[in-house]
Amino acid sequence: MFQLEEKIWFWTLLVIPVIIVFFLLLQFWKKRTQKKFANKNLLKRLSPNQSLFKSVLKLVVLCLAFASLALALVNPKVGTKLETIKREGVDIVFAVDVSKSMLAEDIKPNRLEKAQQLVSKIIDNLGSDRVGIIAYAGKAFPQLPITTDYSAAKMFLQNLNTDMLSSQGTAINEAINLAKTYYDDDEQTNRVLVIISDGEDHSEAAVQVAEEASKEGIKIFTIGVGETAGGPIPIKRNGVLLNYKKDKDGETVITRLDEDTLKAIANQANGVYINGTTTDKVVNDITDILNKLDKKEFEAKQVADFKSQFQWFLALAITLLFLDIFLLERKTAWLKKLNLFNENL
């Protein structure tokens, strides 16, 4: 088994035909120039040790040196042994509230962006766990199924916005029910649902649904974003503040963090509630919790242990270049005797 690490360096082999063409042009120029000054017999008398074979030999050595250097840059690797790598972890579904109240700026930059920051930081600290993402407001919508592709998860996370769901509200119960469909292994017990929300305008069924989820082995952790004192919901266009959301009486709506609801949901599902104000504390708390959970093996595959072999080609290239320095273009005594090119001695 072998692999080539940097195949792009094969393009450097194009130097070899350039060298060959240059050599042929140089030989042609030499012959043509020499004929202007003397005939063939006189040239042999003036330079009897001039050898075409030695010139060709130097060309071959130089080409082999460049070929060896190119292979060293490509870095061929040879598989020495097979190893079985097991992947163990927890299935974590992040349910992110994208209702309009998440635009409140009582926590900077706003509640939704804070929620995105928290989830992104948590993902950065994961080991080999699988993650999924749900967006919810008045309804729940699947964003990303369970995956080990953290880059894709963070991309989908950044695409969350308050305009993606038309129905408003905070349907935590629907998010919990949708999360149940993400866990496809009946024997799996290490199931985690992390709900990030301000908890406001929630459905009364949320606590009951959380209790049902707990019976299915799902642990629910809730993270509250916002301030209990609350703040208005800004209405912006192209980043410019136009107004604040009003109620039917024309009064500015003040949205507040409902910690009691989020705590009740977590308590019913063997989880805990975490205030999301301090990012580092949230990430550390969630990481500690996940590290204490039993890990389940969900993937095992054999991979080859490859070792680089570039050093052999590099050593050969250096040796050939060193040899080329000492190769002269004149005949040697033993080559004269062989007379490989039928040259008149």
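Owing to the predicted nature of the structure, the values given are computational and were not obtained by experimental measurement.

Glancing now at the pairing of strand β5 (residues 140-147). Sheet faces and side chains relate simply in a regular strand, where the side chains alternate between the two faces. Where strand β4 (residues 130-136) meets β5, five bridges bridge the pair, whose relative direction is antiparallel. From the neighbouring strand, Val131 faces β5, where its bridge partner is Thr147. Here β4 hands over to β5 after three residues, the two strands then running antiparallel side by side.

Enumeration according to the criterion identifies eleven salt bridges in this entry. With a closest N to O distance of 2.7 Å, Glu105 and Lys236 form a salt bridge. Residue Glu105 is located in the loop between β3 (91-97) and α4 (111-124), and its partner Lys236 is located in strand β9 (residues 234-237); the two are separated by 131 residues in the primary sequence. Across the pair Lys180 and Glu212 runs a salt bridge whose closest N-O atoms are separated by 4.0 Å. Taken together, the residues Lys180 in helix α6 (residues 172-180) and Glu212 in helix α7 (residues 206-215) connect sequence positions 32 residues apart.

We now examine a nonpolar patch on the surface. Taken together, the side chains of Ile8, Trp9, Trp11, Leu14, Val15, Phe66, Leu69, Leu73, Phe310, Leu314 and Ile318 define a hydrophobic patch exposed on the protein surface, amounting to about 1,000 Å² of accessible area. Secondary structure elements with two or more residues in the nonpolar patch: α3 (52-74) and α10 (310-326). Along the chain, Phe66 turns up in helix α3. By relative accessible area, Phe66 is classed as partly exposed at 31%.

Turning our eyes to something else, we now look at helix α9 (residues 279-292). Taking 1.5 Å as the rise per residue, α9 with 14 residues should run 20 Å; its terminal C-alpha atoms sit 20 Å apart, in good agreement. For α9, the set of buried residues is Thr279, Val282, Val283, Ile286, Thr287 and Leu290. For α9, the arc enclosing every buried residue in end-on projection is 125 degrees, short of the 170-degree limit, so these residues lie on one face. Of the residues in α9, the exposed ones pointing more than 90 degrees away from the buried face are Asp280, Asn291 and Lys292. Tucked into the core, α9 has its buried residues touching β3, α4, β6 (191-197), β7 (218-224) and β12 (273-275).

A word on the sheet that holds β4. On the basis of which strands lie adjacent, the open sheet formed by six strands has the order β5-β4-β3-β6-β7-β12 and mixed pairing. Two strands in the sheet have a free side with no partner beyond their single neighbour: β5 and β12. Across this sheet, the average inter-strand angle for adjacent strands is 15 degrees, counted without regard to direction. Pairing analysis gives six bridges linking β3 to β6, with the strands arranged parallel. In the sheet register, Val96 faces β6, and the bridge partner there is Ile196. Packing against the sheet, α4 makes contact with β3, β6 and β7, and its axis sits at approximately 170 degrees to β3.

Quick notes on the rules
- Residues numbered from 1 in each chain as written.
- Predicted model: local features only at pLDDT ≥ 70, side-chain atom pairs only at ≥ 80, totals over all residues.
- Heavy atoms only, no water.
- Pairing = 2+ DSSP bridges.
- Helix = DSSP H or I, 4+ residues; strand = E, 2+ residues; numbered from the N terminus.
- Salt bridge = Lys/Arg side-chain N within 4 Å of Asp/Glu carboxyl O.
- Patch = residues over 30% accessible without salt bridge, like charges linked within 9 Å, V, L, I, M, F, W, Y side chains within 5 Å.
- Areas by Shrake-Rupley, 256 points an atom, 1.4 Å probe, with all protein chains shown as cover.
- Buried < 20%, exposed > 50% of the residue type's maximum accessible area, 1.4 Å probe, protein only.
- Expected span 1.5 Å × (residues − 1).
- Arc of directions from axis to C-beta.
- Contact = heavy atoms within 4.5 Å.
- Axes fitted to C-alpha atoms, helices over the stretch in contact; angles between N-to-C directions.

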